[in-house]
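The chain contents come next:
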Amino acid sequence: YLAMSAFYSEPDGIPEAVVLMLWKFQANLEEEESRLAITRLERRALVSVQGKSPSRRIRFHEFQIGYLRNERPVDKSSHSMIVAAYQSLFPGGWHTVASDDYFHSWISVHLHRGGMEDELELMLTDFKTLQAILDVTDVYRLLSNCFGEMESETLRLIRAALDLSSSVLATDKAQLASHLIGRLLDRQETGIVDLCKDAAAFRRTAWLRPLTRSAER
């Protein structure tokens, strides 16, 4: 229960499936046990629950989250536990994580606040992961949540490219590959070279692949 204080619950609450995932990783609780635990917490007014199982969303009142964070301050280990829970469930890489109404919006914040800057950079220089986050959220959420924290020069350049392409990507997410290549192809940073190489292999739909850096604005 205390570990839930590290989740970001606004504005719609924490999806039930995400809480179950964390409790499975943390305490090896089975789904039925976890669902009953959520029900008991609601009856004791320790959480607020909206919807019906298995698609409930869990929220905290202000005094509840204050109590949780007083009992267990949110530190790097709190964020690291959430990251580790996802890694355990999806060992094939970040791009394989199924949409759960939480991961694609918040995992980058957990990585940053868990002190895992190298892992964050690896994630954000992986084309498949960028495309997955964009597909589930939108370019503005991608920019604010994934690139809104302290950045390396490599991430700054990727953010700038996405920002310049945001008006296009807001309406056509399949344009990500062509816009990244068109804006970053001549860069020599290892992460960007790998990003452009992976973007060039994009096969979801027909698209125009720039052969030189051609999208300046």
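It should be noted that the structure appears before, not after, this text.
Residues numbered from 1 in each chain as written. Predicted model: local features only at pLDDT ≥ 70, side-chain atom pairs only at ≥ 80, totals over all residues. Heavy atoms only, no water.

**Student:** Please clarify how the overall build of the protein should be interpreted in this entry.
**Tutor:** Within the protein, the secondary structure is distributed over 12 helices and 3 strands. Relative to its full complement of 217 residues, the protein shows a buried share of 44%. In the protein, the share of contacts with a sequence separation of at least 24, taken over all contacts with a separation of at least 6, comes to 59%. As displayed, the protein has an accessible area near 11400 Å², and 51% of this comes from carbon and sulfur atoms. (Helix = DSSP H or I, 4+ residues; strand = E, 2+ residues; numbered from the N terminus. Buried < 20%, exposed > 50% of the residue type's maximum accessible area, 1.4 Å probe, protein only. Contact = heavy atoms within 4.5 Å. Areas by Shrake-Rupley, 256 points an atom, 1.4 Å probe, with all protein chains shown as cover.)

**Student:** Help me understand the sheet that holds strand 3 (residues 57-59) in this model?
**Tutor:** Strand pairing within a sheet occurs via backbone hydrogen bonds; the two strands may be parallel or antiparallel. On the basis of which strands lie adjacent, the open sheet formed by 3 strands has the order 1-3-2 and antiparallel pairing. Taken across any chain shown, the strands that pair with only one partner, and hence form the sheet edges, are strand 1 (14-15) and strand 2 (48-50). (Pairing = 2+ DSSP bridges.)

**Student:** Sorry if this is basic, but what is going on with the layout of surface pockets here?
**Tutor:** If you roll a probe as big as a water molecule over the atoms, it shows you where there is empty space left. The computed volume of the largest pocket comes to approximately 390 Å³. In this structure, the largest pocket is lined by 25 residues; those nearest its centre are Ala17, Val18, Leu20, Met21 and Leu89. Elements with a contribution of two residues or more to the lining of the largest pocket: helix 1 (16-27), helix 2 (31-43) and helix 4 (76-89). In terms of residues, the lining of the largest pocket owes the most to one element, helix 1, which gives 7 residues. For the lining of the largest pocket, a count of residues per class yields 13 nonpolar, 4 polar and 8 charged. (1 Å grid on protein atoms, 1.4 Å probe; cavity = no way out; pocket = protein on both sides within 12 Å on 5 of 7 lines; lining within 4 Å. Points joined across faces, edges and corners; volume = space filled by probe spheres on them. Nonpolar A, V, L, I, M, F, W, Y, C, P; charged D, E, K, R; others polar.)

**Student:** Could you clarify how one ought to interpret the nonpolar core in this entry?
**Tutor:** Proteins that are soluble and globular tend to have nonpolar side chains buried together. In terms of nonpolar packing, the biggest core is built from 60 residues, with Tyr86, Trp94, Leu130, Phe147, Ile158, Leu162 and Leu184 touching the most fellow members. Among the elements that line this core, the one with the most residues is helix 1, at 6 residues. Once you skip the residues sitting within four places of it in the chain, Trp94 turns out to touch Val83, Tyr86, Gln87, Phe103, Ile107, Leu111, Glu119, Met123 and Thr129. (Core = buried A, V, L, I, M, F, W, Y, C linked by side-chain atoms within 4.5 Å.)

**Student:** Where do I start with the pattern of salt bridges in this structure?
**Tutor:** Think of it this way: side chains of opposite charge can pair up when their charged atoms draw near. This structure, assessed with the given rule, holds 7 salt bridges. Arg56 is paired through a salt bridge with Glu16; the nearest N and O atoms lie 2.8 Å apart. Pair noted here: Arg56 is in the loop between strand 2 and strand 3 and Glu16 is in helix 1, with a separation of 40 residues, a long-range link. With respect to class, Arg56 is no different from Glu16; both count as buried. Here Arg156 ties to Glu153 by a salt bridge, and the two come within 2.7 Å at their closest N and O atoms. In this pair, Arg156 and Glu153 are both assigned in helix 9 (residues 153-164), 3 residues apart and thus about one turn of the helix distant. Classification of Arg156 as partly exposed rests on a relative accessible area of 40%. (Salt bridge = Lys/Arg side-chain N within 4 Å of Asp/Glu carboxyl O.)

**Student:** Would you take a moment to explain the packing of helix 9 against helix 11 (residues 176-184) for this structure?
**Tutor:** A packed helix pair is summarised by two numbers, namely the angle formed by the two axes and the spacing between the axes. As a packed pair, helix 9 and helix 11 sit with axes 10 Å apart at the nearest point and diverge in direction by 120°. Considering the angle they form, helix 9 stands oblique to helix 11. The handedness of the crossing between helix 9 and helix 11 is right-handed. Each of Leu157, Ile158, Ala161, Leu162 and Leu164 in helix 9 lies in contact with helix 11, whose residues at this interface are Leu176, Leu180, Arg183 and Leu184. In the contact of helix 9 with helix 11, the residues fall into 8 nonpolar, no polar and 1 charged. (Axes fitted to C-alpha atoms, helices over the stretch in contact; angles between N-to-C directions. Parallel < 35°, antiparallel > 145°, perpendicular 65-115°, else oblique. Left-handed = near helix turned anticlockwise from the far one by under 90°.)

**Student:** Sorry if this is basic, but what is going on with the packing of helix 8 (residues 139-146) against helix 9 here?
**Tutor:** For the pair helix 8 and helix 9, the least separation of the axes is 10 Å and the interaxial angle reads 155°. Comparing the axis directions of helix 8 and helix 9 gives the class roughly antiparallel. Seen along the crossing, helix 8 lies across helix 9 with a hand that is left-handed. Where helix 8 approaches helix 9, its residues Val139, Leu142 and Leu143 are matched on the opposing element by Arg159, Leu162 and Asp163. Tallied by class, residues from the contact of helix 8 with helix 9 come to 4 nonpolar, no polar and 2 charged.

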